[in-house]
Amino acid sequence: ELRDITTTTANTPALKRRLIQRLEQCAKQAASSATQCISASQNATTYSEDIQTKEILIQDCQAVAEQIPRLVSGVKNTLARPDDPSAHFSLIEASEQFIEPGTQVAASARNLQPTVRDHAASQNLNKCSTTLTHSILELRSAAQRAREACGGNELESALDAVKNLRNVLANTKR
């Protein structure tokens, strides 16, 4: 039992670092896949006459497009501050919030795909929605693992935020 505790304690920082790096990779891939899917969707909507499905897809694309900058920012923050628990949680949160709109875009794209008259646009939309679906599955798994590994750092992150606010307040008073 002592060996397990010692091994777990010794591996935790390295394990967390690897899990955050994996989450960074998955987040980058998901953002890239979503961008490609948005582009393919915009192209495919010009070849479809299914107005309702097109409108849903356009709305879903807008929703996911709003989440991409937050996801990219989360990755940049963890790369700039690799040992900062608040940066880790920011990336985990951004990843978790990206999953639902990303899943919606992929589903809406699959719904539009049979109505697209241009074969190349239809095939591209199908490929991009499939890639996005796989990227989101990987992102979900990586975010869950990172959250489990960094779970004890939530309090530490909150304490760091309070300390930073105190420092800002003290500097402001001067």
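Each value, and the rule that gives it
Residues numbered from 1 in each chain as written. Predicted model: local features only at pLDDT ≥ 70, side-chain atom pairs only at ≥ 80, totals over all residues. Heavy atoms only, no water. Axes fitted to C-alpha atoms, helices over the stretch in contact; angles between N-to-C directions. Helix = DSSP H or I, 4+ residues; strand = E, 2+ residues; numbered from the N terminus. Parallel < 35°, antiparallel > 145°, perpendicular 65-115°, else oblique. Left-handed = near helix turned anticlockwise from the far one by under 90°. Salt bridge = Lys/Arg side-chain N within 4 Å of Asp/Glu carboxyl O. Buried < 20%, exposed > 50% of the residue type's maximum accessible area, 1.4 Å probe, protein only. Expected span 1.5 Å × (residues − 1). Bend = angle between axes of the 7 residues up to and from the residue. Polar contact = N/O pair within 3.5 Å; in protein donor to acceptor, adjacent residues only side chain to side chain. Nonpolar A, V, L, I, M, F, W, Y, C, P; charged D, E, K, R; others polar. Core = buried A, V, L, I, M, F, W, Y, C linked by side-chain atoms within 4.5 Å. Contact = heavy atoms within 4.5 Å.

A. Molecular detail of the packing of helix α3 (residues 85-112) against helix α4 (residues 119-150). Between α3 and α4, the least distance of the axes is 8 Å, while the angle of their chain directions is 155°. If you check the angle between α3 and α4, you find them roughly antiparallel. The chirality of how α3 crosses α4 is left-handed.

B. Quick look at the pattern of salt bridges. Overall, the coordinates contain 6 salt bridges when judged by the stated rule. Linking Asp83 and Arg17 is a salt bridge whose minimum nitrogen-to-oxygen distance equals 3.9 Å. Here the residue Asp83 occupies a position in the loop between α2 (51-80) and α3, and Arg17 occupies one in helix α1 (residues 2-45), the gap between them amounting to 66 residues. You can call Asp83 exposed: its relative accessible area is 60%. In this structure Arg17 comes out as partly exposed when scored by relative accessible area, which is 41%. Where Asp84 meets Arg81, a salt bridge forms, and the shortest distance between an N and an O atom there is 2.7 Å. On the basis of relative accessibility, which here comes to 18%, the residue Asp84 falls in the buried class.

C. Geometry of α3. Its 28 residues give α3 an end-to-end C-alpha distance of 41 Å, which sits within 8% of 40 Å, the value for a rise of 1.5 Å per residue. For α3, the principal kink sits at Ile99 and spans about 30°; a proline, Pro101, occurs within the next four residues.

D. How the structure looks around α4. Over its 32 residues, α4 runs 46 Å from end to end, which matches the ideal 46 Å to within 8%, given 1.5 Å per residue. Its side-chain oxygen placed 3.4 Å from the backbone nitrogen of Ala120, Asp118 serves as the N-cap of α4.

E. View of the packing of α2 against α3. Packing of α2 against α3 brings their axes to within 8 Å, and their N-to-C directions diverge by 155°. Viewed along their axes, α2 and α3 adopt a mutual orientation that is roughly antiparallel. The way α2 lies across α3 gives a crossing that is left-handed. Among the residues making up the contact of α2 with α3, the classes are represented as 16 nonpolar, 12 polar and 4 charged.

F. Summary view of the nonpolar core. By size, the foremost hydrophobic cluster in this structure holds 38 residues, and its most contacted members are Leu23, Leu71, Ile92, Phe98, Leu125, Leu132 and Leu139. For this core, the secondary structure elements donating two or more residues are α1, α2, α3 and α4.

G. Region of the structure containing the side chain of Ser48. Position of Ser48 relative to the elements: it lies in the loop between α1 and α2. Beyond its immediate stretch of four places on either side in the chain, Ser48 contacts Lys54, Leu112, Thr115, Val116 and Arg117.

H. Region of interest: the side chain of His88. Locating His88 in the fold gives a position in helix α3. Given the relative accessible area of 6%, His88 is considered buried. At a separation of 2.7 Å, a polar atom in the side chain of His88 contacts the main-chain carbonyl oxygen of Pro82. Residue contacts for His88: discarding those within four places in its chain leaves Ile20, Thr78, Pro82, Asp83 and Cys150.

Function-wise, these values are silent; they only describe arrangement.
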